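Architecture and fold: a report
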Amino acid sequence: MDLEQAAGFVLEEGKRYGIDSFDLIATDSEDIGIEVFKGRIVSTETSRSRGVGIRVLNNSRPGYSYSERFSKEALSQMVRDAMDQTEITDPLDMELPGPKPLAEVDLKHYNPALEKLDFAWMRELGLSLDHASWESDKRVENVPHVGVGKSSTQSLIANSKGVFVKKESNVAYLGTGLVVAEGDIKKMGSYYRSGRDISQFDPSYIAKEAAHRGTELLGAKPLPSGVYTIVLGNRISPQIFGMFSSPYFADAVQKGSSRLVGKLGNEVASPILSIYCEAHTPDYPGSRLVDAEGIPTTARTKVLENGVLRSYLYNLESAKKDNVLPTGHGIRSYSGRAGTSFSNMIVPLGTKSRDELLASDSHCIFVTKLEGGAGCSAVSGEISIGIQGIYYKNGKPEHAVDRITMNTNYFDLLHKIQGISNEYSDSYSSIKVPDVLISEIHVAG
């Protein structure tokens with residue numbers, strides 16, 4: 001069976017067994033790629049994964065099961081397994097939605113031309129990038145990774161009330177990771193391009209950008225411990241904000257695992273900061289017209305506006321608990337239970353350039369690289385993370401810095417934001433945050 005046939009069969013089986021209410025999610029994904037090292041193809045990969053998962057509500061008692069086999073026997077067994085679970089689970093106060101009109105927006109998630117890309121195209125592009133990487137800078141010592149590939153996914157959401165929505169998406173990628181050296185100092189630089197416009201896949205540009213990200217950190221040295229103004233570069237700020245997305249989810253608030261409990265309508269950040277969830281932005285990976293539970297999305301959800309917390313993000317279950325409408329932010333894989341997520345986390349652009357932010361204080365650290373995230377907790381907000389970057393004095397770069405640690409708290413950091421730049425990074429990402437100027441950050445040297 002294909003995806004639609006499998007979903008149709010499961011819907012009929014659910015009706016045949018007389019299940020009160022149920023929904024399903026099904027996906028079929030294929031990934032093709034190669035890796036290049038020193039002018040040779042060292043790895044090729046073709047992988048496919050597909051599966052269908054069902055959530056049953058019998059007398060409001062939930063049961064979950066999934067199958068990665070699309071035979072009638074396997075899918076029928078999946079339905080029975082989910083039904084069996086409902087005999088022991090506690091009731092879940094939740095109602096599945098019926099079909100509703102979706103926004104007429106082309107999200108540009110699928111480019112038919114990508115389906116024609118084959119291993120010959122990957123080989124040519126990969127070898128070109130490998131060569132360009134070695135030639136990008138005389139300080140390049142090694143190019144341990146060059147990768148090129150593509151992936152395509154079909155997904156389908158359906159339920160017993162008539163919801164039936166199918167989505168098709170694909171994407172290609174090209175990137176390199178290289179080692180640069182100067183004396184005994186070695187640094188890693190990497191750069192990847194992803195998307196559906198392969199005219200942007202310029203091996204020379206990608207290699208030079210990767211080399212720059214490595215060479216700018218050569219000659220790095222630590223700074224004395226102290227309190228500094230920092231600028232999180234627009235490659236780094238999405239990582240920090242992404243680590244702390246869960247405090248805005250209603251289910252985290254309801255479980256008491258968010259510091260934003262009871263904060264709706266309160267100022268929780270600098271008045272220059274807003275955080276939106278924008279689900280209808282074309283060619284953004286997090287965009288969607290309907291969430292994983294069949295709830296239509298809206299173009300913009302104002303989560304944080306001018307520093308004031310305006311909304312939590314809800315799925316069906318958390319919305320029912322607070323007696324509000326779901327916001328269309330339910331997520332679910334075919335093998336898992338429903339959760340919550342941003343569908344694109346967007347911090348609006350500011351008015352100043354990065355250079356203006358870096359010149360706003362006589363001593364400033366421009367952060368361009370993070371070293372792990374083990375010291376960060378979305379529950380407490382604590383941030384203790386190694387950083388690398390460039391030390392600026394009176395708006396001019398002095399030297400690269402490393403072996404320093406940024407120690408702060410995310411919820412305090414939000415209040416210390418003093419500036420936001422007018423530029424996003426060019427990464428293909430569902431989190432878009434410009435460069436962010438933050439004052440009074442403790443740095444351990």
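Under the annotation held in an unreviewed UniProt entry, the chain carries the name Zn-dependent protease and is attributed to Leptospira haakeii.

1. As for the packing of helix H1 (residues 3-16) against helix H2 (residues 72-85)
In contact at an axis separation of 10 Å, H1 and H2 are set at 45 degrees when each is read in the N-to-C sense. With respect to their mutual orientation, H1 and H2 come out oblique. Two packed elements cross with a definite hand, and for H1 against H2 that hand is right-handed. Residue-level contacts link Ala6, Phe9, Val10, Glu13 and Arg16 of H1 to Lys72, Leu75, Ser76, Met78 and Val79 of H2. Across the contact of H1 with H2, the residue classes break down as six nonpolar, one polar and three charged.

2. Comments concerning helix H3 (residues 119-135)
Taking 1.5 Å of rise per residue, the 17 residues of H3 would be expected to cover 24 Å, and the 24 Å separating its terminal C-alpha atoms lies within 8% of that figure. Regarding H3, the residues found buried are Trp121, Met122, Leu125, Gly126, Leu129, Asp130, Ala132 and Ser133. Projected down its long axis, H3 carries its buried residues within an arc of 165 degrees, all on one side. Counted as exposed and oriented over 90 degrees from the buried face of H3: Ala120, Glu124, His131 and Glu135. Where H3 is buried, its residues meet strand E1 (21-37), strand E4 (140-159), strand E5 (164-182) and helix H4 (203-215).

3. Some points on the pattern of salt bridges
Enumeration over the complete set of coordinates arrives at 21 salt bridges. When the shortest N-O distance is used, the salt bridge between arginine 193 and aspartate 426 registers 3.9 Å. One end of the pair, arginine 193, is in strand E6 (residues 185-195); the other, aspartate 426, is in the loop between strand E17 (417-420) and strand E18 (431-432), with 233 residues separating them in the sequence. You can call arginine 193 buried: its relative accessible area is 15%. One salt bridge connects arginine 310 with glutamate 305, and the closest N-O pair in it is separated by 3.7 Å. Connected through salt bridges with shared partners, the residues Asp23, Arg55, Glu293 and Arg332 form a single ionic network.

4. Digging into the sheet that holds strand E8 (residues 275-277)
Spatially, five strands are ordered E10-E9-E8-E13-E18 in an open sheet, and the strand pairing comes out mixed. The sheet is open, and its two edges are formed by strand E10 (308-309) and E18, each paired on a single side. As paired elements, strand E13 (residues 345-346) and E18 share two bridges and run parallel to each other. The residue of E18 that forms the bridge with methionine 345 is isoleucine 431.

5. Concerning the nonpolar core
Counting 52 residues, the largest nonpolar core has Phe241, Tyr248, Leu273 and Ile275 as its most contacted members. Formed by 25 residues, the second largest nonpolar core is a distinct cluster that contains Val143, Leu174, Ala210 and Ala211.

6. A look at the sheet that holds E6
Reading across the sheet, the six strands line up as E3-E2-E1-E4-E5-E6 and stay open at both edges, with antiparallel pairing between neighbours. Taken across any chain shown, the strands that pair with only one partner, and hence form the sheet edges, are strand E3 (61-67) and E6. Mean inter-strand twist for the sheet, computed between neighbouring axes without regard to direction, equals 20 degrees. Where E1 lies against strand E2 (residues 40-58), 17 bridges are found, and the strand directions are antiparallel. Within E2, the position partnered with alanine 26 by the bridge is valine 52. Along the sheet, H2 makes contact with E2 and E3, crossing E3 at roughly 155 degrees. Each of E5 and E6 touches H4; the most contacted strand, E6, lies at about 145 degrees to it.

7. Here we look at unusual backbone geometry
With phi around 50 degrees, asparagine 306 is a residue other than glycine that occupies positive phi space. Of note, asparagine 306 is situated in the loop between strand E9 (301-305) and E10. Relative accessible area serves as the criterion here: at 47%, asparagine 306 is assigned to the partly exposed category. Phi angles above zero are rare outside glycine, and asparagine 323 is one such case at about 60 degrees. Within the secondary structure, asparagine 323 sits in the loop between helix H7 (316-322) and strand E11 (330-331). Overall, the relative accessible area of 70% leaves asparagine 323 in the exposed class.

8. Some words on the packing of H3 against H4
The relative placement of two packed helices comes down to the angle between their axes together with the axis-to-axis distance. The geometry of H3 relative to H4 is characterised by a closest axis approach of 8 Å and an angle of 40 degrees between their N-to-C directions. By the criterion of interaxial angle, the relationship of H3 to H4 is oblique. H4 is crossed by H3, and the crossing has right-handed handedness. Facing Leu125, Ser128, Leu129, Ala132 and Ser133 of H3, the residues of H4 in contact are Pro203, Ser204, Ile206 and Ala207. Across the contact of H3 with H4, the residue classes tally to six nonpolar, three polar and no charged.

9. So, the pairing of E4
Note: E1 against E4, 14 bridges, orientation antiparallel. Along E4, the bridge assignment pairs isoleucine 25 with isoleucine 157. Across 16 bridges, E4 lies against E5 in antiparallel orientation. When the sheet's bridge partners are listed, glycine 149 is paired in E5 with tyrosine 173. Hairpin connection from E4 to E5: four residues lie between these consecutive antiparallel strands, with glycine 162 at a positive phi of about 110 degrees.

So, how was this worked out
Residues numbered from 1 in each chain as written. Predicted model: local features only at pLDDT ≥ 70, side-chain atom pairs only at ≥ 80, totals over all residues. Heavy atoms only, no water. Axes fitted to C-alpha atoms, helices over the stretch in contact; angles between N-to-C directions. Helix = DSSP H or I, 4+ residues; strand = E, 2+ residues; numbered from the N terminus. Parallel < 35°, antiparallel > 145°, perpendicular 65-115°, else oblique. Left-handed = near helix turned anticlockwise from the far one by under 90°. Contact = heavy atoms within 4.5 Å. Nonpolar A, V, L, I, M, F, W, Y, C, P; charged D, E, K, R; others polar. Expected span 1.5 Å × (residues − 1). Buried < 20%, exposed > 50% of the residue type's maximum accessible area, 1.4 Å probe, protein only. Arc of directions from axis to C-beta. Salt bridge = Lys/Arg side-chain N within 4 Å of Asp/Glu carboxyl O. Pairing = 2+ DSSP bridges. Core = buried A, V, L, I, M, F, W, Y, C linked by side-chain atoms within 4.5 Å.

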